[in-house]
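Structural characterization, general
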Amino acid sequence: MAAGGNVATKDTHAHPNEKIYIKVALWLGAITAAEIAISYIKMPDPAKIVALVFLSVIKFAAVVGYFMHLKFDNPALRKPFITGIILAGSVYTIVLLAFTLHSNTPK
Amino acid sequence: MAIATVSRPPLFSRPKSHTGVWSWITTVDHKRIGILYGFTAFAFFLVGGFEALLIRAQLARPDGHILNANVYDQVFTMHGLTMIFLVVMPLSAAFFNYLIPLMIGARDVAFPRLNAFSYWVFLFGGLFLYSSFLLGGAPNGGWFGYAPLSLQKVTGSVPFAHNMDYYAIGLIILGIASTVSAVNLAVTIINMRAPGMSFFRMPVFIWMAFVVQLLLVFALPVITVALFLLLFDRILGTSFFVASNGGDPILWQHLFWLFGHPEVYILVLPAMGIVSEILPTFSRKPLFGYPVVVLSGIAIGFMGWGVWAHHMFAAGLGPVANSAFAVSTMFIAVPTGVKIFNWLATMWGGRLRFEPPMLFSIGFVTMFVIGGLSGVTHALVPHDYQQTDTYYVVAHFHYVLFGGAVFGLFGGMYYWWPKIFGRKLNNKLGKWHFWLMLIGFNVTFGPFHILGLQGMPRRIYTYAPNMGWDFWNMVSTIGSFTIAASILLFMYNAVHSRKHGEIAGNDPWDARTIEWTTTSPPPEHNFDEIPVIHALDDFWHKKYVEDKTGKLVPVAAGGANGDGQNSNAEHGANAEEHAEGHGGGHAIHMPSPSYMPILAGLGLPIIGYGLIYGYYICILGGLILLGGLYGWAFEPGTE
Amino acid sequence: MAEQATVAAEVHQTSTGIENTKLAMWVFLGSECLLFGALISVFLLYRNHALGGARLHDVYDIPFTSVSSFVLLMSSLTMVLALAAIQRGDQHRLRTWLLATALLGMTFISGQIYEFTIFVHKGFTVHSSVAGASFFILTSFHGAHVTVGILMLLSLYGMSARGMLPQERSTAVEYIGLYWHFVDIVWIVIFTLVYLIPAPK
């Protein structure tokens, strides 16, 4: 954060141009197709889950980084969002673990 | 130096007045909004206090006949909901709203109309909640609303009672107010600090406020989901929390306490911030270990997310979960303890002045320590098996929330009253208030430790005569009426000081932070020129320097008690996108008043009533909300 | 000093250099992660609690939902093209892409409604089991968010058509775009965790 004077807001980023956006969109489409294919392929469940989650994380990051521009914006802008993701991921994982690891309720 | 607020053209749609009721209804000035929060919260404090007196009257003797079980359930539930959501949180909001811009050197918050909206939605949410008393009965499942009791729709002889519908919908509405406000204030603190005010030159109060806004922003969505699930179980017939139909009541507890634990830090951190401002001023010493106090506050905010299941030790989560949360709970005592030591060290060796703000702050520290100690005993799971659901827990949370948060908030009231209203509250009456309240408080809640360990359960509307609980219950009730007397004293003081209070200059306490550079009360635009900050406690350093022996020596010229003009004023943080703020000589355009916040806010309780009484009413509420929002979006921030 | 073709006409200074509304939007989106995280977790917890009745993987149609998901994904592209258009002053293209985004959003919603009708017909409803309830609550909250987004997009379209959305106000498109993309990435998560990962035994 600026310890000195205030900073005028400005377009600080190098703008991706429309060609990049279309390229990202094509990749997103391709990855989605791959995900759907994987969901049909017979493979052990853990492997499938890992693969699908991994691919969806890439899509997530691509939309956040390019379309939502976070890759090119002031890094401070990442903090509230990443905090939300990490917090949500952590606490809800713990809750689900609490239900699955030891629970008195019938499954 | 000419400072003019823009006179708006006589448009039909935009309010203009600065005086009268309409000016309060359309205000977007953070100071007025803070005052509105404060008065409304205090009114709810009296209501919640009255509910407490009813509880104590009922429990003074065994086999009490003052309230039957049905009414008792409503009274104690509403007491909890009121004190938490309609008193402590909005009182904190009052201080946040009034002080944040002034303490960071801004003219207003980031989104003034959104600020007003938050207040009106809070007011309407509180009124919605209370309207339930007239419309079939108030929430009666405890403030924590445990399922499956909260799903109950039969109360007494009423076949479909809406009590807990009001609970779910009321809290959703209040949650919207708080979420919106939290985003607003978080952005304000991050983005609108005066030049030179880096994060580590911010007052501790601002740091604590910042942590609280982040806690609110991340915790409120969780309870929002829980409340919607509860609502759908009740009005749509789903079974999220119904064990016999595939659901699980424990899910409610997880979701509720995921919010509920950060919530208790939301309740106490503001008071900790207040105390961190008052103690240095009345010790004439800087806060001991500022960075450590700040980092402890941040640590509490983080760690508060890892302890929620300590409210569920007896719920059957199993030894692994219980152990993990016991350990995390013990760890969180550390940053809190650190702060206590820092506060003590601040006072140590200082030239102490025991005026009411200081008394309440010391009261905070001592009472909070007691509450904290009982809290530590809860962290030990086997102890908690004994203590949970007994009056021992009731003792714990009243010590930290009343002895802690409320005492701290009263300290803040005495401290900033002269800044807000231009006159001090009477010192002598203040001391009487403090001592009467301290004694009354301890007489009320001290015995709860004993009663709890003697096995008296919580949430019971009466008890049998041969349990051995009679004596301490009676003592407690006497204490509660003592508290009430002390509050009456405070109210008399407040009214009396309007005409007879000592008129306050800018800096009646010889304080350290920059809100004391403004007039009392400050002008609408806060600062004639936005200050430039060179250090922590910048104002103090402008007033005093230390000589070679470490003695404080007043700075010769221009610094102390002035009208706050700094010579190096620069363009400063602005209130809204469209407002211009320039240093002296130029017109300062403050955001214009607006009808839209209250109009949009009105839509929400109407939607709420519609969910209970008929979905067509929701449409009406939705149209009002949309109309208000569109009107808001299309009117300029400043005209 | 501040230049900008894209920021409001009056210079607006903040401690971080980030615009207030942009920061507010990201803080809000951070909080929405907790909201959708809770709803997704409830679904994951209850997806097998069908008490013998229909479960999602008994009734779903992956190819259909895939097309829906692709539609929403592409709406993020059209959204960002709309932003690029207003940033270079092209009002006509702005409206084209805004409308495209809104239409793709409406297509997605229509697809959802159609899907849900099939599910209900097959006995997978809000009331058939808590598994059903969890699914419908999650997707309905998401759908409500999409709908609000569509309303905002159409409002922007209308503003542009009336000349009320000049280049200097491109941030309005940017911030609503952020909201729209967020709604899209929530669906990315939902599509994977709800539809694609293997059905519980």
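Conventions adopted
- Residues numbered from 1 in each chain as written.
- Chains lettered and ligands numbered in written order.
- Predicted model: local features only at pLDDT ≥ 70, side-chain atom pairs only at ≥ 80, totals over all residues.
- Heavy atoms only, no water.
- Helix = DSSP H or I, 4+ residues; strand = E, 2+ residues; numbered from the N terminus.
- Buried < 20%, exposed > 50% of the residue type's maximum accessible area, 1.4 Å probe, protein only.
- Contact = heavy atoms within 4.5 Å.
- Areas by Shrake-Rupley, 256 points an atom, 1.4 Å probe, with all protein chains shown as cover.
- Salt bridge = Lys/Arg side-chain N within 4 Å of Asp/Glu carboxyl O.
- Polar contact = N/O pair within 3.5 Å; in protein donor to acceptor, adjacent residues only side chain to side chain.
- Nonpolar A, V, L, I, M, F, W, Y, C, P; charged D, E, K, R; others polar.
- Patch = residues over 30% accessible without salt bridge, like charges linked within 9 Å, V, L, I, M, F, W, Y side chains within 5 Å.
- Axes fitted to C-alpha atoms, helices over the stretch in contact; angles between N-to-C directions.
- Parallel < 35°, antiparallel > 145°, perpendicular 65-115°, else oblique.
- Left-handed = near helix turned anticlockwise from the far one by under 90°.
- Buried area = accessible area lost by both parts, 1.4 Å probe.
- pLDDT = per-residue confidence, 0-100.
- Expected span 1.5 Å × (residues − 1).
- 1 Å grid on protein atoms, 1.4 Å probe; cavity = no way out; pocket = protein on both sides within 12 Å on 5 of 7 lines; lining within 4 Å.
- Points joined across faces, edges and corners; volume = space filled by probe spheres on them.
- Domains from an automatic or database assignment.
- Phe/Tyr/Trp six-rings, centres within 6.5 Å; stacked < 30°, edge-to-face > 60°.
- Lys NZ or Arg CZ within 6 Å of the ring centre and 35° of its normal.

Here's the deal with the overall build of chain A
Scanning chain A from N- to C-terminus turns up three helices and one strand. The linear arrangement of helices and strands in chain A, starting from the amino end, is β-α-α-α. Looking at the 107 residues of chain A, the share that counts as buried comes to 40%. Excluding contacts between residues fewer than 6 apart, the proportion of contacts in chain A whose partners are at least 24 apart in sequence is 55%.

Remarks on the overall build of chain C
Each helix and strand counted, chain C has six helices and one strand in total. When the helices and strands of chain C are read in sequence order from the N terminus, they spell out β-α-α-α-α-α-α. Along the first, second and third principal axes, the C-alpha atoms of chain C reach 65 × 35 × 25 Å. Classification of the 201 residues of chain C by burial places 64% in the buried group. A separation threshold of at least 6 residues defines the contact pool for chain C, and within that pool the share at least 24 residues apart is 80%. Of the accessible surface of chain C, which amounts to about 6700 Å², a share of 66% is contributed by carbon and sulfur atoms.

Examining the interface of chain C and chain B
Often the size quoted for an interface is simply the accessible area lost on bringing the parts together. Taken together, the 37 residues of chain C in the interface contact 38 residues of chain B. Linking chain C with chain B are zero salt bridges, by the criterion used here. On the surface where chain C and chain B come into contact, there are ten residue pairs in polar contact (both at pLDDT 80 or more). Elements supplying a minimum of two residues to the side of chain C that touches chain B: strand E1 (13-14), helix H1 (20-46) and helix H5 (130-161) of chain C. Considering each element in turn, the side of chain C that touches chain B owes the most residues, 14 residues, to H1 of chain C. Residue composition of the side of chain C that touches chain B, by class: 22 nonpolar, 13 polar and two charged.

A short note on a nonpolar patch on the surface
Taken together, the side chains of Leu626, Tyr630 and Phe634 of chain B together with Leu151 and Met164 of chain C make up a nonpolar region of the molecular surface, amounting to roughly 420 Å² of accessible area. Tallying contributions element by element places helix H17 (residues 615-634) of chain B first for the nonpolar patch, with three residues. Positionally, Tyr630 of chain B belongs in helix H17. Owing to a relative accessible area of 34%, Tyr630 of chain B belongs among the partly exposed residues under this scheme.

Overview of the packing of helix H3 (residues 69-104) of chain B against helix H4 (residues 112-131) of chain B
Geometrically, a packed helix pair is captured by the angle between its two axes and the distance between the axes. All names here are of chain B. The contact between H3 and H4 brings their axes to 12 Å, and the two run at 165 degrees. As summarised for this structure, H3 and H4 are arranged roughly antiparallel, according to the angle between their axes. Like other packed secondary-structure pairs, H3 and H4 cross with a definite hand, here left-handed. Two secondary-structure elements touch here, H3 through Met78, Leu81, Thr82, Phe85, Leu86, Pro90 and Asn97 and H4 through Asn115, Phe122, Gly126, Leu129 and Tyr130. Taken together, the residues that form the contact of H3 with H4 break down as eight nonpolar, four polar and no charged.

Observations regarding the interface of chain C and chain A
With 54 residues of chain C at the contact, the number on the chain A side is 48 residues. Of the roughly 4500 Å² buried between chain C and chain A on both sides combined, carbon and sulfur atoms contribute 73%. It is Trp26, Ile185 and Leu196 of chain C in chain C that bury the most area against chain A; as a group they hold 14% of the surface buried on that side. Counting the contacts that link chain C with chain A gives two salt bridges. Two residues, Lys22 of chain C and Asp73 of chain A, come together in a salt bridge whose shortest N-O distance is 3.1 Å. For the pair chain C and chain A, the interface holds four residue pairs in polar contact (both at pLDDT 80 or more). Elements represented by at least two residues in the side of chain C that touches chain A include exactly E1, H1, helix H3 (62-87) and helix H6 (170-196) of chain C. Among the elements that take part in the side of chain C that touches chain A, H1 of chain C stands out by supplying 13 residues, more than any other. Each residue belonging to the side of chain C that touches chain A can be placed in one class, and the counts come to 31 nonpolar, 17 polar and six charged.

Section: the confidence of the model for chain C
Residue and element names in this part refer to chain C. Here chain C averages 92 in pLDDT, and 94% of its residues register 70 or above. pLDDT under 50 marks residues 1-11. Its contacts with residues more than four places away, or in other chains, come to 25 contacts. Across the assembled chains, the prediction reports ipTM 0.94 with pTM 0.93.

Examining H3 of chain C
Every α-helix winds through 3.6 residues per turn, so residues three or four apart in the chain are directed the same way. Residues and elements named next belong to chain C. Counted at 1.5 Å a residue, the expected span for H3 with its 26 residues is 38 Å, and the 38 Å between its end C-alpha atoms agrees. By the criterion of burial, H3 is predominantly enclosed, with 22 of the 26 residues buried. Backbone geometry just downstream of H3 places Gly89 in the positive-phi region, at approximately 85 degrees.

A few points about the environment of Leu99 of chain B
Here Leu99 of chain B is to be found in helix H3. Sequence separation between Leu99 of chain B and His30 of chain B is 69 residues, and the spatial gap between their C-alpha atoms is 8.6 Å.

Let's talk about the side chain of Asn493 of chain B
Residue and element names in this part refer to chain B. Here Asn493 lies in helix H14 (residues 470-500). Judged by relative accessible area, Asn493 falls into the buried class, the value being 0%. Setting aside residues no more than four positions away along its own chain, Asn493 makes contact with Tyr414, Leu425, Asn426, Leu429 and Gly430.

Here's the deal with empty space enclosed by the protein
Residue and element names in this part refer to chain B. A complete count under the given rule lists six cavities of 30 Å³ or more for this structure. Considered as a void within the structure, the largest cavity measures approximately 310 Å³ in volume. Along the walls of the largest cavity sit 27 residues, with Met89, Leu174, Ala177, Ser178 and Leu216 positioned nearest its centre. Elements supplying a minimum of two residues to the lining of the largest cavity: H3, helix H5 (163-191), helix H6 (204-235) and helix H7 (249-283). The element that contributes the greatest number of residues to the lining of the largest cavity is H5, accounting for nine residues. Across the lining of the largest cavity, the residue classes break down as 21 nonpolar, six polar and no charged.

What to know about the domain arrangement of chain A
All names here are of chain A. We note that the domain assignment places domain 1 (15-73) and domain 2 (74-107) within chain A. Relative placement of domain 1 and domain 2: their C-alpha centres are 22 Å apart. At the interface, six residues of domain 1 touch six residues of domain 2. The contact between domain 1 and domain 2 buries some 480 Å² in all, and 69% of this surface belongs to carbon and sulfur atoms. Summed over the three residues of domain 1 that lose the most area to domain 2, namely Phe60, Leu70 and Asp73, the buried surface amounts to 84% of that side. Connecting domain 1 to domain 2 are zero salt bridges. Our count for the contact surface shared by domain 1 and domain 2 stands at two residue pairs in polar contact (both at pLDDT 80 or more). Tallied by class, residues from the side of domain 1 that touches domain 2 come to four nonpolar, no polar and two charged.

Digging into the packing of aromatic side chains
By the definition in use, this model includes 90 aromatic pairs over all chains. Both rings, one in Phe116 of chain C and one in Phe119 of chain C, keep their centres 6.5 Å apart while their planes meet at 35 degrees; by these two values the pair is tilted. In this pair, Phe116 of chain C and Phe119 of chain C both sit in helix H4 (residues 91-121), three residues apart, roughly one turn of the helix. Phe119 of chain C carries the same exposure label as Phe116 of chain C, and that label is buried. The ring of Trp509 of chain B carries Lys424 of chain B above its face, with NZ or CZ at 4.2 Å from the centroid. When the ring centre of Trp540 of chain B is taken as origin, the NZ or CZ atom of Arg512 of chain B, which lies over that ring, is 4.4 Å away.

What about the pattern of salt bridges?
Enumeration according to the criterion identifies 17 salt bridges over all chains in this entry. When the shortest N-O distance is used, the salt bridge between Glu35 of chain A and Lys59 of chain A registers 2.7 Å. Taken as a pair, Glu35 of chain A in helix H1 (residues 18-40) and Lys59 of chain A in helix H2 (residues 45-67) lie far apart in primary sequence, 24 residues in all. This pair shows no difference in class: Glu35 of chain A is buried, exactly as Lys59 of chain A is. Put simply, Asp389 of chain B and Arg459 of chain B hold a salt bridge, and the shortest N to O gap is 3.4 Å. Taken as a pair, Asp389 of chain B in the loop between helix H11 (381-387) and helix H12 (391-421) and Arg459 of chain B in the loop between helix H13 (427-453) and H14 lie far apart in primary sequence, 70 residues in all. A network of salt bridges, in which partner residues are shared, links Arg284, Asp507, Asp510 and Lys543 of chain B.

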